[in-house]
Amino acid sequence: MKKGVMRPGHVQIRVLDMGEAIEHYTGLMGLIQTDRDDQGRVYLKAWSEVDKFSVVLREADEPGCDFMGFKVVDEEVLVQLEKDLVDYGVDVEQVPAEELKDCGRRVRFTVPSGHAFELYADKLYTGKWGLSSVNPEAWPRGLRGMKAVRFDHCLFYGPELAATYDVFVNVLGFDLVEQVLDPEGTRVAQFLTVSMKEHDVAFIHHEEKGKFHHVSFHLETWEDVLRAADLITMTDTSIDIGPTRHGLTHGKTIYFFDPSGNRNEVFCGGDYFYPDHKPVTWKTEELGKAIFYHDRALNERFMTVLT
Amino acid sequence: MAGFQVSNRTTGDRFTCQEGQSVLKAMEQRGLKCVPVGCRGGGCGFCKIQVLEGHFECGKMSRRHAPPEAVEKGEVLACRIYPLTDLIIECMPLPERTLAKQTTKLLR
């Protein structure tokens, strides 16, 4: 957080059918619908999040991710980072306050991998869902499905990882936590953080720009991940892989797809990061183990199915 | 027997698809792998096939992988088509998959 970027704040996801998507993200994943706007976009949050929304669903004829937004500490930081981006040669676009309901102005830019990101400082503080901020209970009752705790990170596929790294690390103050290097020493995967989490955003090399691999939500325990797996079967939801453990980050995980084919993850555990930690390196020769620690083999679908 | 017969001319596989069931789901239930399985949600384009004969209904598919002009020619995603008659299908060479092979350096 050394330059004032605080945390992942939101992600806008394109879906083919809004009704099916709402049932998936609320009924199965346990997000809470908080609003809907006059464009028909639906706003959702996970229960432990303090702001009004973290996931925005937009109906479109092609699934994928429109943008991911990071919350910065305050307006002063937003002004500074906007200037830093422009000085670095990044084109920025102004998105006015209230374009997303109850969200302040956003500064949008596209990184060399082809993905759009946003910075913003203000969003309506609604507090944790179902809990008081005074003498709060352990968790709210009335949650559905997997009871996702928070929107955690996204993984994107695209080219130009080195130039993308420069924007995130040199301009926005992210740290490199883990990487995958090919035999020539070229970085083909980068896991970046602004926090103690092992990743707030990650990129894997891919020739085509702007592809979306997954959006991830945090669960508390391995038991919760297994229960998520049960729910995926009970609802006949499309499974990708898991439950298993990653080598990268060491998180315990399961992957599945929303009804429009966007990949979702719920996970628990994983490593932590302090700014004095040096990056962890995986080599492509051991990529199977890096991605799936138990199988130690890649699954083509995980590497190539994208929206 | 209820359902419709789906024949894959590329691989020679045949399987039964129940009314209201997607071609991909019917294939997976039989344990066959004659069409590549991706997201199963009409989003990724992995299971693109060509329907050579027969009629079917379509669910929602990504316009990028199944644009209307392709759908008209029977180029559809197996996870989002529901047979109305017996079908003869053929696997499609996928540009996306060729591209994916370059993805990775990673995979080699």
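Residues numbered from 1 in each chain as written. Chains lettered and ligands numbered in written order. Predicted model: local features only at pLDDT ≥ 70, side-chain atom pairs only at ≥ 80, totals over all residues. Heavy atoms only, no water.

Here's the deal with the pairing of strand β1 (residues 4-8) of chain B
All names here are of chain B. Counted only if it meets this: Throughout, exposure labels follow a simple rule: accessible area from a 1.4 Å probe, protein chains only, divided by the maximum for the residue type, with under 20% read as buried, over 50% as exposed, and the rest as partly exposed. Helix and strand labels come from DSSP, where a helix needs a run of H or I of at least four residues and a strand needs a run of E of at least two; each type is numbered from the N terminus. Think of it this way: DSSP has to see at least two bridges between two strands before they count as a pair.
Most of β1 sits inside the fold, with four of its five residues counted as buried. Direction of pairing for β1 relative to strand β2 (residues 14-17): antiparallel, over a ladder of four bridges. By the bridge assignment for β2, Val 6 is matched with Phe 15. Relative to strand β7 (residues 87-91), β1 runs parallel, the two sharing three bridges. Within β7, the residue paired with Val 6 across the bridge is Leu 87.

Focus: helix α3 (residues 161-171) of chain A
Listed as buried for α3(A) are A:Leu161, A:Thr164, A:Tyr165, A:Val167, A:Phe168, A:Val169 and A:Val171. Downstream of α3(A) by a residue or two, A:Gly173 has a phi angle that is positive, lying close to 80°.

Concerning the UniProt feature "domain: VOC" (unreviewed entry) in chain A
Residues and elements named next belong to chain A. We apply this condition: UniProt positions are given in the numbering used here, feature names are shortened, and annotations may be inferred rather than shown by experiment.
Under the UniProt annotation, "domain: VOC" (unreviewed entry) lies at residues 7-122 and 150-269. What you have in residues 7-122 is 22% helix and 40% strand, and the ends, taken at the C-alpha atoms, are 13 Å apart. Annotated as residues 150-269, this span is 20% helix and 46% strand, and its ends, taken at the C-alpha atoms, are 13 Å apart.

A few points about the interface of chain B and chain A
Applicable threshold: Only heavy atoms enter the contact rule, under which two residues are in contact if any of them lie within 4.5 Å. Two parts placed together each lose some accessible area under a 1.4 Å probe, and the buried area is that loss summed for both. What counts as a salt bridge is simple: a side-chain nitrogen of Lys or Arg found within 4 Å of a carboxyl oxygen of Asp or Glu. Polar contacts, as counted here, are pairs of nitrogen or oxygen atoms within 3.5 Å of one another; within protein the pair requires one atom able to donate a hydrogen and one able to accept it, and residues that are adjacent in sequence qualify only if both atoms are side-chain atoms. Each residue is assigned to one class: nonpolar for Ala, Val, Leu, Ile, Met, Phe, Trp, Tyr, Cys and Pro, charged for Asp, Glu, Lys and Arg, and polar for all the others, Gly among them.
With 26 residues of chain B at the interface, the matching set in chain A holds 34 residues. Taken together, both faces of the contact between chain B and chain A bury some 2,400 Å²; the carbon and sulfur share is 55%. Our count for the chain B to chain A interface comes out at five salt bridges. Note that A:Glu208 is salt-bridged to B:Arg64, the shortest N-O span being 2.1 Å. Inspection of the chain B/chain A interface yields eleven residue pairs in polar contact (both at pLDDT 80 or more). In terms of residue count, helix α3 (residues 95-103) of chain B provides more of the side of chain B that touches chain A than any other element does, six residues in total. Taken together, the residues of the side of chain B that touches chain A sort by class into nine nonpolar, eight polar and nine charged.

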